[in-house]
Amino acid sequence: MSHTGLDAVSQKLAEAERAAGRTPGSVHLIVVSKTFGPEAILPVIAAGHRVFGENRVQEAKAKWPALRADCPDLELHLIGPLQSNKAAEAVALFDAIHTIDRPKIAGAIAEEMRRQGRALKLFVQVNTGREPQKAGIAPEAVGQFLAECRDIHGLTISGLMCIPPADADPRPHFEMLAAMAQRNGVAELSMGMSGDYPVAVACGATHVRVGSAIFGTRG
Ligand SMILES: *Cc1c(COP(=O)(O)O)cnc(C)c1O
């Protein structure tokens, strides 16, 4: 079965990979399903897609256990802010967390992964635009925070994630994130949403997070 939105994005993603000289199919497409219910998600699963993103622990907890029961090879990514009192639920529910952004969260996630015997893929969120209302580590503090994750909490951080300011040209933010990742020896880059994922791929994204271009606008 095919899915119009998924097909369109997959095709555009493949074109962006080709244009950037990247291996076709090498960029992970995270289909962001926040606010959408099973009736919207099931056709994307039926089309063969397995990787999804949610921004709230409670919403994911209400939606995904039933979907997973029917499709055990699903991969679920947390792309929204995380409170430390939700760490246990997040580690139980998700396969990856993109929003590690302070020592308390790093510690809580490390403890829960040990306790539950689970290893999640982890990204540190960077506030590349230094927006006061936005989560993320300040750019100049990334090196020290990564060292703290590794040395104090024993965490393996796979990559960096950013959400550029809404009204800005995203390219300098993507380039900044890519340079920071390279400097700090982390391989993966979670960047690019519906409006800018081809640019993110050109700048080295390994994971793009795309919602509305696949499902339509959120209500
Ligand atoms: C909602 C969301 C997305 C997807 O946004 P679209 O513009 O719908 O593609 C990506 N990343 C994060 C962190 C989000 O919260």
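The structure contained in this document is the topic of the report that follows. Everything numeric in this text was worked out from a predicted model, so none of it was measured.

## Thoughts on unusual backbone geometry
- One non-glycine residue with positive phi stands out, namely threonine 35, at about 70°.
- Here threonine 35 is to be found in the loop between strand 1 (28-32) and helix 2 (38-46).
- In this structure, arginine 130 takes a positive phi of about 50° despite not being glycine.
- Here arginine 130 is to be found in the loop between strand 5 (121-125) and helix 6 (142-151).
- For arginine 130, a relative accessible area of 53% puts it in the exposed group.

## What to know about helix 7 (residues 171-184)
- With 14 residues, helix 7 should cover 20 Å at 1.5 Å per step; its first-to-last C-alpha distance of 20 Å lies within 8% of that length.
- Of the surrounding elements, those touching the buried residues of helix 7 are helix 6, strand 6 (159-161), strand 7 (188-190) and helix 8 (197-202).
- One or two residues past the end of helix 7 sits glycine 185, with phi positive at roughly 70°.

## Observations concerning the pattern of salt bridges
- For the coordinates displayed, the defined rule picks out 12 salt bridges.
- Glutamate 59 is the salt-bridge partner of lysine 63, the closest N and O atoms lying 3.0 Å from each other. Here the residue lysine 63 and the residue glutamate 59 both occupy positions in helix 3 (residues 57-70), the gap between them amounting to 4 residues, near one helical turn.
- Given the relative accessible area of 11%, lysine 63 is considered buried.
- Here glutamate 188 and lysine 121 are joined by a salt bridge, their closest N and O atoms 2.3 Å apart. Placement of glutamate 188 in strand 7 and of lysine 121 in strand 5 is noted, with a sequence separation of 67 residues between them.
- Bridged by salt links that share partners, the residues Glu54, Glu59 and Lys63 form one connected network.

## Some points on the state of the cysteines
- Scanning all chains against the criterion turns up 0 disulfides.
- You can see cysteine 149 has no disulfide; the closest cysteine sulfur is in cysteine 162, sitting 17 Å from it.
- On the basis of relative accessibility, which here comes to 0%, the residue cysteine 149 falls in the buried class.

## So, the pairing of strand 2 (residues 51-54)
- Of the two faces of strand 2, the one lined by Val51 and Gly53 and the one lined by Phe52 and Glu54 are each fully buried.
- One crossover worth recording links strand 1 to the parallel strand 2 by way of helix 2, and it is right-handed.
- Pairing of strand 2 with strand 3 (residues 75-78), which is carried by 4 bridges, proceeds in the parallel orientation. Note on strand 3: the bridge partner recorded for glutamate 54 is leucine 78.

## Some details on the packing of aromatic side chains
- Under the criterion given, the structure shown has 2 aromatic pairs.
- Their ring planes at 25° and their centres at 4.7 Å tell us that phenylalanine 36 and phenylalanine 215 sit as a pair that is stacked. Of this pair, phenylalanine 36 sits in the loop between strand 1 and helix 2 while phenylalanine 215 sits in helix 9 (residues 212-215), and the two are 179 residues apart along the sequence.
- Taking relative accessible area as the criterion, phenylalanine 215 reaches 15% and is therefore assigned buried.
- Seen from their ring centres, phenylalanine 52 and tryptophan 64 are 5.0 Å apart, and the 40° between their planes marks the pair as tilted. In this pair, phenylalanine 52 sits in strand 2 while tryptophan 64 sits in helix 3, placing the two residues 12 residues apart along the sequence.
- When its relative accessible area of 0% is taken as the criterion, phenylalanine 52 is described as buried.
- Classification of tryptophan 64 as buried rests on a relative accessible area of 1%.

Basis of the calculations
Residues numbered from 1 in each chain as written. Predicted model: local features only at pLDDT ≥ 70, side-chain atom pairs only at ≥ 80, totals over all residues. Heavy atoms only, no water. Helix = DSSP H or I, 4+ residues; strand = E, 2+ residues; numbered from the N terminus. Buried < 20%, exposed > 50% of the residue type's maximum accessible area, 1.4 Å probe, protein only. Expected span 1.5 Å × (residues − 1). Contact = heavy atoms within 4.5 Å. Salt bridge = Lys/Arg side-chain N within 4 Å of Asp/Glu carboxyl O. Disulfide = S-S within 2.5 Å. Right-handed = clockwise from strand over helix to strand, strands pointing away. Pairing = 2+ DSSP bridges. Phe/Tyr/Trp six-rings, centres within 6.5 Å; stacked < 30°, edge-to-face > 60°.

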